[in-house]
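Descriptive analysis of the structure
Given next are the chains, with one letter for each unit.
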Amino acid sequence: MTTSEIARTYARVLFDLASAADAVDDADSGLAAVVESVRGHIDLRNALSDAQIPAEKKREVLRDIFGEDATPEVLAVVTLAVNRGHTELLGDIAGEFGQIAEKERGIVVAQVTTAVPLDDAIRASVTGKLSAALGRPVTLREHVDESLVGGIVINVAGRVLDGSIASQLDAMRTALSVTPQGGEA
Amino acid sequence: MARIDASTINEVLKAQLEAFEAEVDVREVGTVMQVGDGIARVEGLRGAMAGELLEFIGKGGNVVYGMALNLEENEVGAVLMGETEAVGENDTVRTTGRVVEVPSGRAMLGRIVDPLGQPIDGRGPIQAEGIRPVEFRAPGVVERKPVHEPLQTGIMAIDAMIPIGRGQRELIIGDRQTGKTAVAVDTIINQKGKDVICIYVAVGQKASTVAGVVETLEQHGAMDYTIVVAANASDPAPLQFLAPMSGAAIGEHFMYTGEDGQPATKDNPGRHVLCIYDDLSKQAVAYRQMSLTLRRPPGREAYPGDVFYLHSRLLERAVKMSDENGAGSLTALPVIETQAGDVSAYIPTNVISITDGQIFLQSDLFFQGVRPAINVGISVSRVGGNAQIKAMKQVAGSLRLDLAQYRELAAFAQFGSDLDKSTQSTLNRGARLVELLKQGRYVPMTVEDQVIAIFAGTKGFLDGLAVEDVLAFRDQFLEFVNSAYPEIGKTIASEKVISDETEAALSKALTEFSESFAAGRE
């Protein structure tokens, strides 16, 4: 089995469990949180891939850290993967899980970040435009981040559409601080 | 000092922000999976281009640039340029839609820049005329024409026997401490007033060595037409890898555009550029480090499989453009350092096979006092002969032959006791010619002086002298000719050929001077 097949198997299992519990979105965000934490902490990563630490101990560590954030299905699948020595594959599993979820449910999840909560009219127009652009139904996962000042940031299918005031201010700041380099050759 | 009021500030701000348009920024983003050894593995970025500039948004909003090299199904392997410590796992990476580029222009002359074109000499920002991609496809067959103009190095042994033409690629190869950089620096110094823009690319050298070269160039007034691109030993490997390519890109700007900054055409000639890559063995080492950390499979001497292509595509950018394309040229003088004279190592054989000839410098010659320590027996120039002026061909043809015979006999005669007369005269002639070709540093000779000096040697005017008097004779004779018979030098320079009259005049001057020189020695 190639690594991508292994990752797909884990993802498939997680999707089946999550859809039975009707918690696919929660599983997705929980898995993303686990991947981010494992990647960001070298000690945690080392501990999880250390063969000398018993499986029981690893299970406890995972439960203590992610017990509250992740759904039981995510925790179970992650623990299984870690105990089988597949800690390296967690990122791939998250990627595969996203693809399976998209395919099975026929919808695309778009992360939308705004400075103030969306109202229904804007929500409808964003959903409509994104669905038209991608050719598939889109569901929004909304976040509020006041540091954007205004505008909207949409994160969908590996791309970011950044229409926030904060990033435009940033771009303006660089335009002023960089010396002009003349025209194209 | 003019008063600064609000309206001036307004105008400047408006001008600066004119180019800025508020638009939605659509870019691909990825996440750093792993970072270390100056490379980062990035998840996502499926649309990244090979060689694309990536923006890593590090902690505290620090932006670090990187270059995408390994494009795989789910991840991208990138090398980081600049502060590698500022990037960590889970950081956001954005594509920029641009490949790595470098600014260029006349304002860069006399400056020291890093491989991204940013000044590192502390003399303020550089106003560039244009921006060029670091990786650029070399011109094809129809855009070129054969090398036909000489690029005089001012070093007699090279200009006479291993001539270099504008647009040629000539390798300078030798062990450490044999004067490779000296040949390169002398060549730059000799380009003064010849309308050649010189670019000295220092790869992986000590900062003090680079400072020494710059100081030498400054002392001889050569920095006015020279750009130094430096990636020092302490710089990250990606910068050392990029340096020769960005040197070529800076040079290409001058070659592809005319004096007015417009693309070079028949009526708008492109400029002539000399690019020195000192040295490519260090670039190959930097590339090997990058490739191994990117987990590319190692090949011979642990270099990656495409190290040949790395050098061939760089050196292929040396070109003599056709008249329709402005007839500009980019001459490349790559430098390779060998270990204990081993030219059959991987990188030396590669670069020898790519270039149009090589100048071999040998340490035993260096210690025998033959400086520049060029081994003229195994040094060749495959195209430069077409670029030599006719006068030089007339005198230097027999020089090569005489020296070859001398070397053959010298090895033999070491055991010998009784030598016949012709053998002895060959040995005598050879010893004097070797002496004649010795030359100090930073004293380039004009081509007419070289022709006159070699004429004296090959026509046998030195045979009666003691070997240790040859250099004094050469220098004093050149002084004598240039003051008493200045027309000889001028005729050679203008007619580019030694006519019968010039030959007679030269022989007469030589006879006259030989007598007074001999009288002075007694």
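Here, every reference points to the structure presented above.
Our subject in this report is the structure included herewith. Note that this is a predicted model, so its numbers are computed, not measured.

Remarks on the overall build of chain B
Along the backbone of chain B there are 15 helices and 17 strands. Oriented by its inertia axes, the alpha-carbon framework of chain B measures out at about 85 × 60 × 45 Å. Within chain B, buried positions represent 48% of all 522 residues. At a minimum sequence separation of 6, the contacts of chain B that also span at least 24 residues come to 71%.

Looking at the interface of chain A and chain B
Tallying the contact residues gives 24 residues for chain A and 29 residues for chain B. Going through the elements one at a time, helix H2 (24-40), helix H6 (90-105), strand E4 (159-162) and helix H8 (165-177) of chain A are the ones with two or more residues in the side of chain A that touches chain B. Sort the elements by how many residues they give to the side of chain A that touches chain B and H8 of chain A lands first, with 6 residues. Counted by class, the side of chain A that touches chain B contains 7 nonpolar, 11 polar and 6 charged residues. With 4 bridges connecting them, E4 of chain A and strand E1 (residues 25-36) of chain B associate as antiparallel partners. Its bridge partner being in E1 of chain B, valine 160 of chain A is matched across the sheet by arginine 27 of chain B.

Regarding unusual backbone geometry
In this structure, the amide linkage connecting aspartate 278 of chain B to the following residue, aspartate 279 of chain B, adopts the cis form with an omega of -5°. Locating aspartate 279 of chain B in the fold gives a position in the loop between strand E13 (272-278) and helix H6 (280-293). Here the residue pair arginine 371 of chain B and proline 372 of chain B is connected by a cis peptide bond, since its omega of 0° sits within 30 degrees of zero. Residue position: proline 372 of chain B is located in the loop between helix H9 (363-368) and strand E17 (380-381). Positive phi, close to 60°, is recorded for aspartate 22 of chain A, a residue that is not glycine. Relative to the helices and strands, aspartate 22 of chain A is located in the loop between helix H1 (3-20) and H2. Within the chain, asparagine 90 of chain B stands out as a residue other than glycine whose phi angle is a positive 70°.

Description of the pairing of strand E7 (residues 101-104) of chain B
Residue and element names in this part refer to chain B. Residues Glu101 and Pro103 of E7 are buried on one face, and the alternating residues Val102 and Ser104, pointing to the opposite face, are buried as well. Summarising the sheet, E7 and strand E9 (residues 130-133) pair through 4 bridges and their orientation is antiparallel. The residue of E9 that forms the bridge with valine 102 is arginine 132.

Parameters and conventions
- Residues numbered from 1 in each chain as written.
- Chains lettered and ligands numbered in written order.
- Predicted model: local features only at pLDDT ≥ 70, side-chain atom pairs only at ≥ 80, totals over all residues.
- Helix = DSSP H or I, 4+ residues; strand = E, 2+ residues; numbered from the N terminus.
- Buried ≥ 20, exposed ≤ 12 C-beta atoms within 10 Å, placed from the backbone.
- Contact = placed C-beta atoms within 7 Å.
- Nonpolar A, V, L, I, M, F, W, Y, C, P; charged D, E, K, R; others polar.
- Pairing = 2+ DSSP bridges.

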